[in-house]
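Summary of structural features
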Amino acid sequence: MRETAVAVANIDAWLENFTEAEKRAVGRSLPWLHRLREDAFARFCEVGFPTTRDEDWRFTNVSAIAKTVFRPAATARLAPGDSAAWRVDDVAATLVFVNGRYDAELSETGNLPKGVTVASLREGIASHPEEVEKHLGKYADTKRDPFVALNTAFIGDGAYVHVARGVVVEAPIYLLYLSTKENAPTMTHPRNLIVAEDEAQIAVIEDYASVGGESVVLSNAVTELVAGESAVAQHYLIEREHLKAFNVSTLRIEQGRTANVASHSVLLGGGLVRNNVHPVLAGEGGECLINGLFLGTGSQHLDNYMHVEHAAPHCGSRQFYNGILDGHSHGVFHGRIVVHKIAQKTDAKQTNRNLLLSDNAQIDTKPQLEIYADDVKCTHGATIGQIEENALFYLQSRGISELEARKLLLMAFAEECVERMHSTVARAHIQRLIGENLLFTEGIAPQDGTLGRVDERVVEEVG
Amino acid sequence: MSLLEIENLHVSVDGNEILKGIDLTVNAGEVHSIMGPNGSGKSTLAQVLARRDAYEVTEGSITFEGRDLLEMKPEKAACEGVFLAFQYPVEIPGIGNTYFLRSALNAQRKYRGEDEMDAMDFLPMFREKLKLLEMDDKLMNRSLNEGFSGGEKKRNEILQMAVLEPKLAILDETDSGLDIDALRIVASGVNSLRNKGRAMIVVTHYQRLLNYIVPDFVHVLVDGRIVRSGGKELALELEERGYSWTEHDAPLAAGARA
């Protein structure tokens, strides 16, 4: 099949989707927004979906997405009981999106300090058009990635978070994206804009989940996070959709002078997942932590594409990604570091550690360093291993059962990533999700086929 | 009934026979020392007793309190009261020392049908044991053995033994790599755990440790066989004359033992 054949697959359906969306689009009267969408759609039509011949997509085949005809997801309502289960305690605000649309009834934005705006992007465009125009689409590059182009073409709803200069929001702002079961393949393109002005502080959790059964869904999210001078921002991404879900997310971070930003990704669910993290350290003395954990099982494909751009001197970046892969799952860690000529005294570090729990699990890990400055420190390292027999025996020799010992070791491996998360609220939520997930990981069971006993154990643990 | 009975134990690793017929009886309250040159099979014996499955038992039997130890998985043996202080304690990042030790203790208590200990009950007891080993409780907030010095790791092994209170403790070269101060602390920790109900097997290459932990019996292991057994004075004799002496006398020793 030729590349162009894939690129233009279902182009009629995409055209129809785009025309329909444009008719009802938010901010139709704003010429800049209209142009942003049109240009992005034109770009998408031009290049289509990427193929594995594209270096950035070498390990991830998205032809399943290209072949599918997606329609915008229908408006859905959740029963109040359904949504209660999703609540995270002690957050500063909660925005809930059901099938990509903001649901005001399920959301809660009551107790925010002065100087903090938390709203849907739709509301944000209406109430703060100038502020939004200043940032929206200015960082996420539609030319670099067709999925970003597609998201930009369909800009409709998402979260708008703005923190004024010097304002500190300690508790995280929780953004929950739920997809419901539908009869045909559906898509959403959440678009989030998070702005922390100079010396402001913020933490945001993006949590992607499914409710009510499995159907083919594409969630293609783009988040632009702008951290002003000396701003402190933490971003958490959680993917825990069902296995029929395609999830592509792009976090584009723009950091000002001495800003301190952390990106934490936790991939637990989704059938085909691509997690793009692209920080640009644009001001002197910035610090960026890029931390992640991915747990694959069954036939999951979890791709982490890091693109860390040092564009100013004296900046530091730290990448730590841990993967645990079981069953036939396939993990990817692509860690690209670009150091611009001006970015002297850059200190960039990258570590990717992986545990393979089954013979059929696979990891592709690839560092990619492009250094144009001459006075920099860049290191990278990757490890691939199994649960260490020594450690397992050590724990067992103290009376801990093999199953429990395996679980402890996997939790410990995951904990390395969790420990780097500053928000106790986010950490507790994520720890709970990881714990639930590891319980059901296949490879945690002893290899000698005593699965019956394991099932019993799982019930006991949950109860 | 003896606490531990090893009869004609043959053990292979990857097809190589390491232990070639060990007989050893250990009663409650006794301290046995197993000495021998490098590669004689001392550590293999220790690991087999702790039920590491990389070792293949080709012949013979081990009974612990009358039950077949070879049928037990490591965790079961531990719950029954077998404890191995590792020659090379394993570093496990991400698992806290205190959390690990309480989990282990509770796994054993659960096995014995006792109530699990909550943090409130555990901590005072734990602090007492820390004092015994002169250990800094800051170490306990760290990950299991991670970044510990050689001496701290060995002390941590004895600390675990003090908390878990096994019936049979096997100390595998607990003295190796310790300076004299650390050796004294470890030895006094071990000595304070000696009692009528508990037996110990102290595996060592050097006689030095036995100045501090005085054994009731000394066995010399050479090339997978116990070639000589005796009282504590045997250790001194070995120190003076070296292991080669026992090798020459091997047949005599075997005869003498019989």
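About the thresholds
Residues numbered from 1 in each chain as written. Chains lettered and ligands numbered in written order. Predicted model: local features only at pLDDT ≥ 70, side-chain atom pairs only at ≥ 80, totals over all residues. Helix = DSSP H or I, 4+ residues; strand = E, 2+ residues; numbered from the N terminus. Rg over C-alpha atoms; globule rule 2.2 N^0.38 Å. Buried ≥ 20, exposed ≤ 12 C-beta atoms within 10 Å, placed from the backbone. Contact = placed C-beta atoms within 7 Å. Pairing = 2+ DSSP bridges. Axes fitted to C-alpha atoms, helices over the stretch in contact; angles between N-to-C directions. Nonpolar A, V, L, I, M, F, W, Y, C, P; charged D, E, K, R; others polar. Left-handed = near helix turned anticlockwise from the far one by under 90°. Arc of directions from axis to C-beta.

**As for the overall build of chain A**
On a plain count of helices and strands, chain A comes out with twelve helices and 21 strands. Against the compact-globule benchmark of 23 Å for 463 residues, chain A has a radius of gyration of 22 Å, which places it among compact chains. C-alpha extents for chain A along the principal axes are approximately 70 × 55 × 55 Å. Looking at the 463 residues of chain A, the share that counts as buried comes to 51%. Put simply, 82% of the contacts in chain A that link residues at least 6 apart link residues at least 24 apart.

**Focus: unusual backbone geometry**
A positive phi is found at Asn99 of chain A, a non-glycine position, where the angle reads about 50°. Topologically, Asn99 of chain A is positioned in the loop between β2 (93-98) and β3 (101-102). For Asn99 of chain A, a count of 23 C-beta atoms within 10 Å puts it in the buried group. A positive phi angle, near 50°, is found at Asp223 of chain B, a position not held by glycine. Assignment of secondary structure puts Asp223 of chain B in the loop between β11 (217-222) and β12 (225-230).

**A look at the sheet that holds strand β9 (residues 168-172) of chain B**
Residue and element names in this part refer to chain B. Sheet architecture is open: six strands sit in the order β6-β9-β10-β3-β11-β12, paired in mixed fashion. Two strands bound the open sheet, and with one partner strand each, they are β6 (82-85) and β12. Between one strand axis and the next, the sheet turns by 20° as a mean value, whatever way the strands run. Two strands pair when backbone bridges link them, and β6 and β9 are joined in this way by four bridges, in the parallel orientation. Residue Leu84 lies in a different strand from β9, and its bridge partner there is Ile170.

**A closer look at the interface of chain A and chain B**
Contact with chain A, which involves 16 residues of that partner, is made by 21 residues of chain B. Counting only elements with at least two residues in the side of chain A that touches chain B, the list comes to α9 (389-396) and α10 (402-418) of chain A. By residue number, the principal contributor to the side of chain A that touches chain B is α10 of chain A, which donates six residues. Tallied by class, residues from the side of chain A that touches chain B come to seven nonpolar, five polar and four charged.

**What to know about the packing of helix α3 (residues 31-47) of chain A against helix α8 (residues 146-153) of chain A**
All names here are of chain A. Contact geometry for α3 and α8: axes closest at 7 Å, N-to-C directions at 145°. In this structure, the crossing between α3 and α8 has a hand that is left-handed. The segment α3 lies against α8, with Leu36, Arg37, Ala40, Phe41, Arg43, Phe44 and Val47 engaging Pro146, Ala149, Leu150, Thr152 and Ala153. Split by residue class, the contact of α3 with α8 holds nine nonpolar, one polar and two charged.

**Concerning the sheet that holds strand β5 (residues 67-68) of chain B**
All names here are of chain B. As summarised here, the arrangement of the four strands in space is β2-β1-β4-β5, forming an open sheet in which the pairing is antiparallel. The open sheet is flanked by β2 (16-26) and β5, the only strands paired with a single partner. Direction of pairing for strand β1 (residues 4-13) relative to strand β4 (residues 56-64): antiparallel, over a ladder of seven bridges. What sits directly across from Val11, in β4, is Val57. Lying on the sheet, helix α1 (residues 42-49) is in contact with β1, β2 and β4; it crosses β2 at an angle near 65°.

**Thoughts on the environment of Pro146 of chain A**
Residues and elements named next belong to chain A. Structurally, Pro146 can be placed in helix α8. Spatially, the C-alpha atoms of Pro146 and Arg43 are 7.5 Å apart, while their sequence positions differ by 103 residues. Those residues in contact with Pro146 that lie beyond four places of it in its chain are Phe44, Val47, Gly48, Phe49 and Pro50.

**Describing helix α8 (residues 233-241) of chain B**
Residues and elements named next belong to chain B. Where α8 is concerned, the buried positions are Leu234, Ala235 and Leu238. Take α8 and look down its axis: the buried residues cluster within an arc of 100°, on one side only. Turned more than 90 degrees off the buried face of α8, the exposed positions are Glu233 and Glu240. Just beyond α8, the residue with positive phi is Gly242, at close to 80°.

**Here we look at the pairing of strand β18 (residues 330-339) of chain A**
Residue and element names in this part refer to chain A. Within β18, eight of the ten residues are buried, which leaves it mostly tucked inside the rest of the structure. As paired strands, strand β16 (residues 301-310) and β18 are joined by ten bridges and run parallel to one another. Residue pairing in the sheet places Tyr305 in a bridge with His334 of β18. Relative to strand β20 (residues 362-371), β18 runs parallel, the two being bridged by ten bridges. Pairing of His334 across the sheet is with Lys366, part of β20.

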